[in-house]
Amino acid sequence: MASIDAADSAPATTPAPTPVSGRRKRRWLRFLLYALGGLILLALIAAAAAVLWLRSAATSALPQIDGEIHLGAALQGPVLVRRDGHGVPHIEAASQADLFFAQGYVTAQDRLWQMDLYRRNAGGELAEVLGASLVEHDKAQRILGFRRQAQRIYASLPADDRNRLDAYARGVNLFIAQNGDKLPAEFRLLHYAPRQWTGEDSILVGTMMIDQLDSHWDTKIVRERVAARLGKLPNADKLEAALYPVGSWRDHPPTGEVIDLTKPQPIPPAPKDEGDEDTTAAVNVRKLRQTLGLPDCDGCAAGSNNWVVSGAHTASGKPLLSNDMHLGITVPNIWYMADLKAPGYHAAGVTLPGMPMVIAGHNEHVAWGFTALCADVQDLYIEKLDGKGHYQDLDTKWKPLHVDREVIHVRGGPDVTVDVQSTQHGPIITPILHGESRPIALKWSFYDPALHSLPIYAMNTAANWSEFSAALQQWCWPTQNLVYADDAGHIAYHAIGKVPLRRNGHGLFGKPLPHDQLDMRNEWGNDLKEEPIYIPFDQLPNSVDPPSGFLATANSQVTTDKSPHPLTLEWGDPYRAERIYKLLQGHDKLTPADMLATQTDIYSEVDQEMAHRFAYALDHSAPKDKQLHQAADLLRSWDGKVTTDSAAASIVAKTREALWPLILEPKLGPLAADYRWSEKTFAEEEIIMHGETDWLPRGYKNWDDLLTDAVRRGIDNGHAPADLSQWSYGSWHVIDIEHPLHQILPWLTRNAGTGAQPLSGDNTTVKQVGRAFGPSQRFTMDWSNVDGSTENISLGESGNPYSDYFRDQWKDYYGGTTFALPFTDAAVVANTRHTLRLEP
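We now examine the overall build of the protein chain. A tally of helices and strands in the protein chain yields 24 helices and 25 strands. Here the protein chain, with 840 residues, has 58% of them falling under the buried criterion. For the protein chain, the share of sequence-separated contacts (at least 6 apart) that also reach a separation of at least 24 residues comes to 73%.

Turning to helix α17 (residues 605–621), a few remarks are in order. Helical geometry: 3.6 residues make up each α-helical turn, so side chains three or four residues apart lie on a common side. With 17 residues, α17 ought to run about 24 Å at 1.5 Å a step, and its terminal C-alpha atoms sit 24 Å apart, in line with that. Listed in full, the buried residues belonging to α17 are V606, D607, Q608, M610, A611, R613, F614, A615, A617 and L618. The inward-facing, buried residues of α17 abut α15 (575–584), α18 (626–636), α19 (647–668), α20 (680–690) and α21 (703–717).

Before going further, it helps to spend a moment on the sheet that holds strand β3 (residues 89–93). Ordered by their spatial adjacency, 11 strands build an open sheet running β1-β25-β2-β3-β6-β7-β8-β9-β16-β17-β18, and the pairing between neighbours is mixed. Every interior strand has two partners, whereas the edge strands, β1 (67–70) and β18 (542–544), have only one. When the angles between neighbouring strand axes are averaged without regard to direction, this sheet yields 15°. Looking at chain direction, strand β17 (residues 491–496) and β18 are connected through 3 bridges and run antiparallel. Along β18, the bridge assignment pairs Y493 with S543. Strand contacts of helix α14 (residues 465–472): β9 (366–372), β16 (480–486), β17 and β18, with the helix running at about 165° to β16, the strand carrying the most contacts.

Another point: the side chain of Q809. Within the secondary structure layout, Q809 lies in the loop between β24 (790–793) and α23 (810–815). For Q809, a relative accessible area of 0% puts it in the buried group.

One can find N800 in the loop between β24 and α23. A relative accessible area of 10% means that N800 is categorised as buried. Of note is the side chain of N800, whose polar atom sits 2.6 Å from the backbone oxygen of A58. If we ignore the near neighbours within four places in the chain, the residues touching N800 are A58, A61, L62 and F806.

All told, the structure shown has 22 aromatic pairs when counted by the stated rule. A ring pair is formed by Y729 and W732, whose centres lie 5.3 Å apart and whose planes are at 80°; its orientation type is edge-to-face. Looking at W732, the relative accessible area reads 26%, which means it is partly exposed. Connected via pairs of aromatic rings, a cluster forms that spans F146, W444, F446, Y447 and W477. The ring centre of W732 lies 4.2 Å from the NZ or CZ of K654, which sits over that ring.

Moving on, we get to the environment of R771. Positionally, R771 belongs in the loop between β21 (757–758) and β22 (773–775). By relative accessible area, R771 is classed as partly exposed at 49%. With 38 residues separating them along the chain, R771 and H733 place their C-alpha atoms 7.3 Å apart. When sequence neighbours within four positions are dropped, the list of residues in contact with R771 reads V734, I735 and D736.

The next point concerns the packing of α17 against α19. The N-to-C vectors of α17 and α19 enclose an angle of 80°; their axes lie 10 Å apart at closest approach. Considering their axes alone, α17 and α19 lie roughly perpendicular with respect to each other. Judged by residue contacts, D607, M610, A611 and F614 of α17 engage V652, T655 and R656 from α19. The residue inventory of the contact of α17 with α19, partitioned by class, reads 4 nonpolar, 1 polar and 2 charged.

Another point: the pairing of strand β15 (residues 440–444). Taken across its 5 residues, β15 has 5 buried, putting it largely inside the fold. What you see with β15 is no split at all: I440, L442 and W444 on one side and A441 and K443 on the other are buried throughout. Sheet topology note: the strand β10 (residues 378–382)/β15 ladder contains 5 bridges and is antiparallel. Within β15, the position partnered with I382 by the bridge is I440.

Another aspect to go through is the environment of Q777. Among the secondary structure elements, Q777 is positioned in strand β23 (residues 777–782). Assessed through its relative accessible area of 1%, Q777 is described here as buried. Separated by 442 residues in sequence, Q777 and W335 have C-alpha atoms that sit 7.7 Å apart. Every residue in contact with Q777, bar those within four places of it in the chain, is listed here: N323, D324, M325, W335, V350, E791, N792 and I793. At 2.6 Å, the side chain of Q777 and the backbone nitrogen of M325 are in polar contact.

Below, the discussion takes up the pattern of salt bridges. What the rule picks out here adds up to 46 salt bridges. Taking the shortest distance from any N to any O, the salt bridge between E578 and K582 comes out at 4.0 Å. With a gap of 4 residues between them, E578 and K582 both fall in helix α15, about one helical turn apart. Overall, the relative accessible area of 7% leaves E578 in the buried class.

Within the sequence span of helix α11 (residues 236–243), burial applies to A236, L239, E240 and L243. Projected down its long axis, α11 carries its buried residues within an arc of 95°, all on one side. Against the buried residues of α11 lie α10 (217–230), α19 and α20.

What follows covers the nonpolar core. Ranked by internal contacts, the top residues of the largest apolar core, which has 126 residues, are W217, W335, F370, I429, F468 and L838. The biggest single contributor to this core is helix α3 (residues 96–123), with 13 residues. Excluding its chain neighbours within four sequence positions, the residues that come into contact with W335 are R111, M209, M325, L327, V350, T351, L352, P353, I359, S776, Q777 and I793.

Any two packed helices are characterised by how steeply their axes cross, that is the angle between the axes, and by the distance between the axes. Running from amino to carboxyl end, α3 crosses helix α7 (residues 159–178) at an angle of 50°, the nearest separation of the two axes being 7 Å. As judged from the angle between their axes, α3 and α7 are oblique. Considering only the axes of α3 and α7, their crossing is right-handed. Residues A97, F100, F101, Q103, G104, Y105, T107, A108, Q109, L112 and M115 of α3 form the contact with α7, whose participating residues are R164, A167, Y168, R170, G171, V172, L174, F175, I176 and Q178. Tallied by class, the residues present in the contact of α3 with α7 amount to 13 nonpolar, 6 polar and 2 charged.

Averaged over every residue, the pLDDT of the protein chain is 90; residues scoring 70 or more account for 88%. Segment residues 1–12 is flagged for pLDDT under 50; beyond a separation of four residues in sequence, or across chains, it makes 0 contacts in the model. Low pLDDT, under 50, characterises residues 258–279; the stretch is placed with 39 contacts to residues that sit more than four places away or in other chains.

Here the focus is unusual backbone geometry. P332 follows V331 through a cis peptide bond whose omega is -10°. Its location among the elements puts P332 in the loop between β5 (320–328) and β6 (336–342). The residue after W477, namely P478, is reached through a cis peptide bond having omega -10°. Looking at where P478 falls in the secondary structure, it is placed in the loop between α14 and β16.

It is worth spelling out the environment of I153 at this point. On the secondary structure map, I153 appears in helix α6 (residues 146–156). Assessed through its relative accessible area of 1%, I153 is described here as buried. I153 sits 47 residues away from E200 along the chain, and the two C-alpha atoms are 8.2 Å apart. Contact partners of I153, with chain neighbours within four places excluded, come to I203, F446, H452, L454 and W477.

Rules used in this analysis
- Residues numbered from 1 in each chain as written.
- Predicted model: local features only at pLDDT ≥ 70, side-chain atom pairs only at ≥ 80, totals over all residues.
- Heavy atoms only, no water.
- Helix = DSSP H or I, 4+ residues; strand = E, 2+ residues; numbered from the N terminus.
- Buried < 20%, exposed > 50% of the residue type's maximum accessible area, 1.4 Å probe, protein only.
- Contact = heavy atoms within 4.5 Å.
- Expected span 1.5 Å × (residues − 1).
- Pairing = 2+ DSSP bridges.
- Axes fitted to C-alpha atoms, helices over the stretch in contact; angles between N-to-C directions.
- Polar contact = N/O pair within 3.5 Å; in protein donor to acceptor, adjacent residues only side chain to side chain.
- Phe/Tyr/Trp six-rings, centres within 6.5 Å; stacked < 30°, edge-to-face > 60°.
- Lys NZ or Arg CZ within 6 Å of the ring centre and 35° of its normal.
- Parallel < 35°, antiparallel > 145°, perpendicular 65-115°, else oblique.
- Nonpolar A, V, L, I, M, F, W, Y, C, P; charged D, E, K, R; others polar.
- Salt bridge = Lys/Arg side-chain N within 4 Å of Asp/Glu carboxyl O.
- Arc of directions from axis to C-beta.
- Core = buried A, V, L, I, M, F, W, Y, C linked by side-chain atoms within 4.5 Å.
- Left-handed = near helix turned anticlockwise from the far one by under 90°.
- pLDDT = per-residue confidence, 0-100.

The structure is reproduced here in structure tokens:
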């Protein structure tokens, strides 16, 4: 019994799985593995097929650049298109009509999809091909009215100007008609074809530049909110003035006058506020800038450098002129290089894809270059509406709102209708300002029906300063700083564009104007005249053949105490212009190599000054912290050159970045993140170097403690290595140029960009740069050797990644070198690599 009981009490064992169930599990596992492998294989095959398809589509779209193309009755005579070693077309025609026709045809060969993208961007038509995510952008463009203004301008142009635009359009359209089955790959990827090009479209593309260079109304929206928030604090006016400086003691105006550059410029009084209470809406400004396509990073506002040196200071005895225009760096580049020649016309330089003629460059006698003047040509008015379709005019009478109905076509979705309401001032932009309820109207010189001239042809054909300046008088927008040099040895500078006079004296409004201040005193004009009046051309800053023999601009202040009119409240930071003057003014025997060295200069005086101040703070507040002690040593020994291998440059940049929230958030709260100002870096320099207690946050004994904390936070936020000497600037400060479709099709467009590349320089160096921002081109005109004059863009002439000329200029651009742009017949022939004949 005992044995039986023992056996009965033994634990039961689990029966082993049957062979059938084991095989079934293994079968399912194999099935899952095979299925997964099959899916991966299908994905790889699909990706390979997509890449092969893209290669085939892009290769088939490569243009014909040798041989002959017969264009029939579209041409009056044969046109010769010779491309040099960088694919730059040198177009020669027997008539100007054929020349501009051929320019349209050849530009379309290389940049057709970019041209279509530009007109859709400006006209608010992106959602039609890219979908609902672009509706807000398109709505903003429709409200701002770029297409309507392009129609108005085109209709108002003289017949000769319209004929040139129409000739260009015919060339584009013939290319589209001839190549409908082999258009650029982007059209096929998005399954649409471009509509016919028009002269109006060329104007529309030009409005894109006007918007980029003259729009500052978003800053006024933010400033109003900042001022209202500061108004609750002691010393509110002083705090606001510190955040919004107007000019600086570092400025070097290019007027040829001898002025006291150590004297701070006075700040014009702002219009009276309605009160200290913050009644402004919490507009999402970052979303607004994204919607409008405006840059939203410090130091990446559209700007530029230009300067001109008389022959008295050059090695050759002839003038040198240099220009590098700072814009967003895109794939392909915003500019298209070209050399255009016909009887009575010969100009070379950069063109804007979609527009005829040369925007910046030279002809046989004169050369010119631009920077943004950033004059204030926009005002915001808070209107009074009755809710029944009327607004209250200046005479207090109710008048009907003007309404334009816009229909936005949306890919994959229903149409969106937008009713654009306008007062006498301009369109009511409140629908763009998410979170804003007040009816705010935008007044802009661009909307003035009396302004419609485009003097580019007259500039392209001028033979001397008298003819060139006569053309400049007709320039309406965007407002620009222009430098000039000619083959007779003359140099000049002139601010250009229609800058409004305001009746109220100082005339500049840094914020929207409240409705109770809407009267004739705060309108544009002069005396009792009601029509807009603009600053006379000869009263804008200018200088011709100055005794110094040198003129330069870089978006900073160009007016002086003697200037008859203020131009803006928002000048650019002074550091680039200051550095250019220090490098070039007063020097002799200057050469084109000196011009390029200046364009690519990466020394920052203000960064070095900040480094020394931070080191001093660390010495006095963190003597026992080994990492901060190392930071101090790196900072105090730094030479101020913002190189890619510099650790000190990393520390300075990240410290400055960390400092702003520390001093702004206690006063502005979340609004601190929206603060933008073109002289923001100068404001920071003044606040730090003066160390005023008004800006010292609670919890810090002194500025040394605050700056030490900023260094510590910058190091932490930047994820610096323990050994700070290994924290190279280029490890995180990069340039990364992406194809416009990269966000939608990253796996197909990855190879069309540059990828992240270490980038030297910052927003205070002459080489002003950012992740996708910087010099869009570099030009130097040497009047002692026209064919030795240099021009290069960032990537290349072609928009097709499979073209030899898609990225062939990148090495020169990124490496800080350049090359000559042939101009004379002999030089063009010697450098010709491809020859295409366009025949009737």
